[in-house]
Amino acid sequence: VIAGAYVQEGKVQRSALVRVVRDGIVIHEGQIASLRRFKDDVKEVATGLECGISLVNDNDIQVGDVIETFTEIEVAQKL
């Protein structure tokens, strides 16, 4: 399943983690399987552009779902 998406804010990177939100509830967290702009595989898509997103192990994407991308950064603890 490929979701047609419009990037409203920031940018979507293929290496980012995603969370699918439906009606304010997170229904899936995972990774991006493929990110496409028209027929081309791309590494990132900027604000205001359309793209196609396929997720790993999630085929239940519906109209109105919000796909949020994020990155986890590990920070060393300071004492």
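All of the points below concern the structure found in this document. Within each chain, residues carry numbers counting from 1 in the order of the written sequence. It should be noted that, the model being predicted, local features are given only for residues of pLDDT at least 70 and side-chain atom pairs only at 80 or more, the latter also being counted only at that level, while totals for whole chains, interfaces and linings use all residues. Side-chain metrics rest on all non-hydrogen atoms present in the structure, leaving aside hydrogens and water.

Moving on to the environment of G48. As for its placement among the helices and strands, G48 is situated in the loop between β6 (44-45) and β7 (50-55). Relative accessible area serves as the criterion here: at 34%, G48 is assigned to the partly exposed category. Taking the C-alpha atoms as reference points, G48 and G10, 38 residues apart in sequence, are found 9.0 Å from one another. In contact with G48, other than residues within four places in its own chain, are Y6 and V7. Strands are runs of DSSP state E lasting at least 2 residues, helices are runs of H or I lasting at least 4, and numbering of each runs from the N terminus. Throughout this description, buried means an accessible area under 20% of the type-specific maximum (1.4 Å probe, protein chains only), exposed means over 50%, and partly exposed covers the range between. A contact between two residues is defined here by any heavy atoms of the two lying within 4.5 Å.

A word on the side chain of R22. One can find R22 in strand β3 (residues 17-22). Here a polar contact is recorded for every N or O atom pair within 3.5 Å, except that within protein the pair must consist of a potential hydrogen donor and a potential acceptor, and residues adjacent in sequence are included only if both atoms are side-chain atoms. Among the polar contacts made by the side chain of R22, one reaches the main-chain carbonyl oxygen of D60 at a distance of 2.7 Å. Residues in contact with R22, not counting those within four places in the same chain, are I27, D60, I61, Q62 and D65.

Time to look at the side chain of S54. The topology assignment puts S54 in strand β7. On the basis of relative accessible area, S54 is assigned to the buried category, the value being 14%. Other than its neighbours up to four places away in sequence, S54 contacts V1, I2, I32, A33 and S34.

Turning to the nonpolar core, a few remarks are in order. What makes a nonpolar core is a set of buried Ala, Val, Leu, Ile, Met, Phe, Trp, Tyr and Cys residues whose side-chain atoms join them at distances within 4.5 Å. Formed by 14 residues in total, the largest nonpolar core has its most connected members in V12, I32, L35, V45, C51, I53 and L55. If one sorts the elements of this core by residue count, β7 sits on top with three residues. Filtering out sequence-adjacent residues up to four positions away, V45 remains in contact with V7, K11, V12, L35, E50 and C51.

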